[in-house]
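# Breakdown of the fold
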Amino acid sequence: MKSAREFNFDGLVGPSHNYAGLSFGNVASFNNVRSVSNPRQAALQGLAKMRALASRGFAQAVLPPQARPDLRLLRRIGFSGTDADVLARAWRDAPVILACAWSASPMWTANAATVSPSADTFDRRVHFTPANLNNKLHRSQEHVQAGRSLRALFADQQHFVVHDALPATPAFGDEGAANHTRLALAHGAAGVEFFVYGRVEFDPSAPAPKKYPARQTLEASQAVARLHALDPARTVFAQQNPDIIDQGVFHNDVIAVGNGNVLFYHEQAFADEAATLDTLRRALAVADVDLKPVRVAAGQVGVADAVASYLFNSQLLSKPDGRMALVVPHECRENPAVASYLAQLAASGGPIDELVEFDLRQSMRNGGGPACLRLRVVLTDEEAQAMHQGVIMNESLYARLVAWVERHYRDRIEPRDLADPQLALECAAALEELERILGLPGLYQLD
Ligand SMILES: NCCC[C@H](NC(=O)CCC(=O)O)C(=O)O
């Protein structure tokens, strides 16, 4: 077994972060529609998390934001003239679509791609499939720049493969790593890849939610597993409980998180809990892993509290001493049921013995917690050397990015600002400088 580390690639929040209520089925996004955002604070909150985890020795990197507004999208649907005309006309005739073109949603990099480490894949390369995110207009174009960014960071084809996103059609709805968990003896060991889907396109008898959309299909999860050439004996597909999708659990990472041999989950997370655990255990036996479930009963924390606090949208990080830390948002402390559950969890003598808390309120108000903000990429030492080094978080990159945010970001955006051509110029200037800071010239040059 090669020695490997888990890098967390956090999304750097872009300068147009705003609340547009674009994600039907995501309770926080819907509830905060048209409230005033603070992009500067959002970016600084995300950077503070990256810095704190990097300074504790966790491997931490940053994924750049995407260029907004997406004027190509607006021109493609018939808005024309100068850039300022396009913004003004879209504001007048289609303000929601205008907001889609401005969304800073690529900050939630758990949805950027699904990643399989080289220990799991047939050709021993790290595989990435950018997620098509085709359930939501504002996220459906993200895969283009996500693919470009990943190819720029992981250019060495001896070690890395970046696939194209799956066909953008409902049958292949793919939301990336938010519905994918990897369990293994150690980061560098061959592990089990666990895909959780919300519905099955070609089996009308399979259960499906009634109120909110299921964004991930079984067909998409299977396609990603095939592209990554995973070992079928160590690949598990399970259906999410459709009833909890209807309670606001729009991705599996809102109700479960796994790391090492631990699966931390809510008893209502899966359509069939016993069968899911059984299948996982069988696959894990192939990888010599003894599953340690940390199961939260509905009597301890209800689904509504889990959704409001984002208890499960936490990062579960392996520490050098073999124990794990749970990285949670402030909202967990503010929810009495969750706070008392967490106090008991950390003192229980189980695998999780530490809680680390961050203020991520700007992101949380759009339904994105600590886990949404990061993409996990397990890399061997050799692979870590082969990737682009300019995105690795350290004190000097942190300081440069904080100064960059303070130079370029506004501290408030409200809906009518999205018609302001000056904001578009500010965003472009920010990204131009970011290419230099990260050492990624041409990152945003479209063909
Ligand atoms: N993994 C967390 C994703 C959160 C994201 N929210 C949003 O896109 C909200 C955007 C807005 O409403 O302005 C989503 O639902 O996909």
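Just so we're clear, the structure is a prediction, and the values are computed from it rather than from any experiment. (Residues numbered from 1 in each chain as written. Predicted model: local features only at pLDDT ≥ 70, side-chain atom pairs only at ≥ 80, totals over all residues. Heavy atoms only, no water.)

### A short note on the pattern of salt bridges
Under the defined criterion, the tally for this structure stands at 27 salt bridges. In this structure, R361 and E334 form a salt bridge, with 3.0 Å as the shortest nitrogen-oxygen distance. Here the residue R361 occupies a position in helix α13 (residues 361–364), and E334 occupies one in helix α11 (residues 331–334), the gap between them amounting to 27 residues. On the basis of relative accessibility, which here comes to 30%, the residue R361 falls in the partly exposed class. Taking the shortest distance from any N to any O, the salt bridge between E414 and R416 comes out at 3.4 Å. When its relative accessible area of 54% is taken as the criterion, R416 is described as exposed. Through salt bridges with shared partners, a single ionic network connects R56, K319, D353 and E354. (Salt bridge = Lys/Arg side-chain N within 4 Å of Asp/Glu carboxyl O. Helix = DSSP H or I, 4+ residues; strand = E, 2+ residues; numbered from the N terminus. Buried < 20%, exposed > 50% of the residue type's maximum accessible area, 1.4 Å probe, protein only.)

### Side note on the packing of helix α4 (residues 83–93) against helix α5 (residues 95–102)
The contact between α4 and α5 brings their axes to 6 Å, and the two run at 135°. When the axes of α4 and α5 are compared, the pair comes out oblique. Contacts from L87, A90, W91, R92 and D93 of α4 reach α5 at P95, L98 and W102. (Axes fitted to C-alpha atoms, helices over the stretch in contact; angles between N-to-C directions. Parallel < 35°, antiparallel > 145°, perpendicular 65-115°, else oblique. Contact = heavy atoms within 4.5 Å.)

### Quick notes on the UniProt feature "active site" (unreviewed entry) in the protein chain
Within this numbering scheme, the UniProt entry marks E175, H251 and C372 as carrying the feature "active site" (unreviewed entry). Spanning 198 residues, the named residues form one tight spatial group whose C-alpha atoms are at most 11.1 Å apart. The annotated residues named above include H251 and C372 as those lining the second largest cavity. Inspection of the secondary structure puts H251 in the loop between α8 (242–245) and β9 (256–259). Residues within four places of H251 in sequence aside, it is in contact with N111, E175, A178, N179, R215 and Q240. (UniProt positions renumbered as here; feature names shortened; annotations may be inferred. 1 Å grid on protein atoms, 1.4 Å probe; cavity = no way out; pocket = protein on both sides within 12 Å on 5 of 7 lines; lining within 4 Å.)

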